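Coordinate analysis (summary)
Below are the chains, spelled out letter by letter.
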There are 2 protein chains.
Amino acid sequence: LLAPVDDRRLIFRILGQIKKTYLIVESGNSFFLIDQHAAHERIVYDSMMKDYTNNKKMSQALFDNTVITLTTSQKEKLLEHIETFNNVGWLIEDFGDELILVRAIPVNIKNDLNSFNVKDLLTTAIDQMSVDRDRRNWEEDMFALLACHSSVRAGQKLSWNEMNALVSQLESTDYPQSCPHGRPTMIEYDYKTVAKKFLRT
Amino acid sequence: LLAPVDDRRLIFRILGQIKKTYLIVESGNSFFLIDQHAAHERIVYDSMMKDYTNNKKMSQALFDNTVITLTTSQKEKLLEHIETFNNVGWLIEDFGDELILVRAIPVNIKNDLNSFNVKDLLTTAIDQMSVDRDRRNWEEDMFALLACHSSVRAGQKLSWNEMNALVSQLESTDYPQSCPHGRPTMIEYDYKTVAKKFLRT
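What you see is a predicted model, and the numbers here were worked out from it, not measured in a lab.

**What about the relation of the copies chain A and chain B?**
Overlaying chain A on chain B yields an RMSD of 0.1 Å, the required transformation being a rotation through 180° with an accompanying axial translation of 0.0 Å. When the rotation and shift are considered jointly, the pair of chain copies conforms to a two-fold rotation axis. Across chain A, the smallest distance between a C-alpha and the rotation axis is recorded for A:Leu15, namely 2.9 Å.

Given below as structure tokens:
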């Protein structure tokens, strides 16, 4: 799920996972909750943006090519921007009528997506493209969308190795405090406030 | 340190200890911090009160009798109420002049107290006796004082067995939410509030 990392880079001491959604960690004069999904989104997004900036290959072939039916206007919009889609890892061909053929999807997305999910992802990206915006914004939204679909969800039990990898990789990102959508990845509870609540003086 | 208990009685799932002061536990739709000292005070206090009510022996002999110097008024006050002191586990004799001999101290207190600590404990109890109050209140204060001196402190690392015992014994007390001095033993953080902070909808 997450690549194992060198433990020496860990700043947070991990206590465990609660509600199968948050990690509890301790560091310095505070403890923190980390939202595992938001944190993973940040990690995947940053990794994609880095690869994209470095012109790395963003594509992974599907095991089976998938044929998808679009509306006329969706297909029009897609073909108009087909190069942009291919730049971020899609490999799409016109398949006649309202059909398109998907040969490859962007990297990082789990390759066990069924055709329904591939369609859902693609049409969301097409709809985002339709909104009036500059190219860079669309790409950032596209990567945020892909990161969301590629990240661990709330409700997913994580192993200790996965927790270690998540926390360590999060620490090494440039903006570890928030996910690409702007949601916080962590909440801090400082021990001074805790002591006051316990009437410790 | 703490007696081991049957794990099946645990309601809280323990995640670990932070700041060597609090235990983090999960239960239902919340996670909790437990103040290890306040929680242990509640456990020891309840146990002492139960033994006292059941007329159990409250005394433990010191390895070496301890001679303590008191002020004239402290000694007067002590001798005036000597039976009350002996009822809660002290065994004290007049040793002439301003001296007293301590043969036994109440149970539950660690028996490695040095004479300075024994004196500190005793004079605090004498001073509490001096305040205008009824007998029952003094006994409760005395047990709270003893419980405080007999409990794990903040800054003390606990093993998993000790954490399990603490949490389980706390759950089985009648007033697990506060220590005998009225301080909270636990703080609840409900997941609804946590989700709001993470902008989860």
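**Notes on the sheet that holds strand 1 (residues 13–18) of chain B**
Residues and elements named next belong to chain B. The strand order 1-2-3-7 describes an open sheet built from four strands, whose pairing is antiparallel. On the outer flanks of this sheet lie strand 1 and strand 7 (186–190), each paired with one strand and no other. The mean inter-strand angle of the sheet, taken between neighbouring strand axes irrespective of direction, is 20°. Strand direction decides the pairing type here: strand 2 (residues 22–27) and strand 3 (residues 30–35), joined by six bridges, are antiparallel. Residue pairing for strand 3: Tyr22 is matched across the bridge by Asp35. Seen against the sheet, helix 1 (residues 36–53) touches strand 1, strand 2 and strand 3 and runs at an angle of roughly 75° to strand 3.

**A word on the pattern of salt bridges**
Counted by the stated rule, this structure contains 14 salt bridges over all chains. Among the salt bridges present, the one from B:Arg13 reaches B:Glu26, with a minimum N-O distance of 2.6 Å. Note that B:Arg13 is positioned in strand 1 and B:Glu26 in strand 2, a separation of 13 residues in sequence. Classification of B:Arg13 by relative accessible area gives partly exposed; the value is 41%. According to the relative accessible area criterion, B:Glu26 is buried, its value standing at 12%. For B:Asp51, the salt bridge is made with B:Lys56, and the minimal N-O distance between the two is 3.8 Å. Connected via shared salt-bridge partners are A:Asp35, A:Arg183 and B:Arg200.

**Points about the pairing of strand 1 (residues 13–18) of chain A**
When a strand is regular, its side chains alternate between the sheet's two faces. Residue and element names in this part refer to chain A. Where burial is concerned, most of strand 1 is hidden: five out of the six residues are buried. Where strand 1 and strand 2 (residues 22–27) come together, five bridges link them in antiparallel fashion. Directly across from Gly16, in strand 2, lies its bridge partner Ile24. Linking two consecutive strands that pair antiparallel, namely strand 1 and strand 2, is a turn of three residues; a positive phi of about 55° is found at Lys19 within it.

**Focus: the packing of aromatic side chains**
Applying the stated criterion to the full structure yields 18 aromatic pairs over all chains. Centroid distance B:Phe31 to B:Tyr189: 4.8 Å. Interplanar angle 10°. Geometry classified as stacked. With B:Phe31 in strand 3 and B:Tyr189 in strand 7, the pair connects residues that are 158 residues apart, well separated along the chain. Overall, B:Tyr189 belongs to the buried group, its relative accessible area being 8%. Three or more aromatic residues joined by ring pairs make a cluster, and in this case those are A:Tyr22, A:Phe31, A:Tyr189, A:Tyr191, A:Phe198, B:Tyr22, B:Phe31, B:Tyr189, B:Tyr191 and B:Phe198.

**Structural notes on the environment of A:Gln156**
If you trace the backbone, A:Gln156 turns up in the loop between helix 5 (135–150) and helix 6 (160–171). For A:Gln156 and A:Thr21, which are 135 residues apart along the polypeptide, the C-alpha to C-alpha distance reads 7.0 Å.

**Things to note about the sheet that holds strand 4 (residues 59–69) of chain B**
All names here are of chain B. Read from one edge of the open sheet, three strands run 4-6-5, paired in antiparallel fashion. Both outer strands of the open sheet, strand 4 and strand 5 (91–94), are each paired with one neighbouring strand and no more. Between one strand axis and the next, the sheet turns by 15° as a mean value, whatever way the strands run. Relative to strand 6 (residues 99–106), strand 4 runs antiparallel, the two being bridged by seven bridges. Paired with Ser59 across the two strands is Pro106, which belongs to strand 6.

Calculation notes
Residues numbered from 1 in each chain as written. Chains lettered and ligands numbered in written order. Predicted model: local features only at pLDDT ≥ 70, side-chain atom pairs only at ≥ 80, totals over all residues. Heavy atoms only, no water. Least-squares fit on C-alpha atoms with pLDDT ≥ 70 in both. Pairing = 2+ DSSP bridges. Helix = DSSP H or I, 4+ residues; strand = E, 2+ residues; numbered from the N terminus. Axes fitted to C-alpha atoms, helices over the stretch in contact; angles between N-to-C directions. Contact = heavy atoms within 4.5 Å. Salt bridge = Lys/Arg side-chain N within 4 Å of Asp/Glu carboxyl O. Buried < 20%, exposed > 50% of the residue type's maximum accessible area, 1.4 Å probe, protein only. Phe/Tyr/Trp six-rings, centres within 6.5 Å; stacked < 30°, edge-to-face > 60°.

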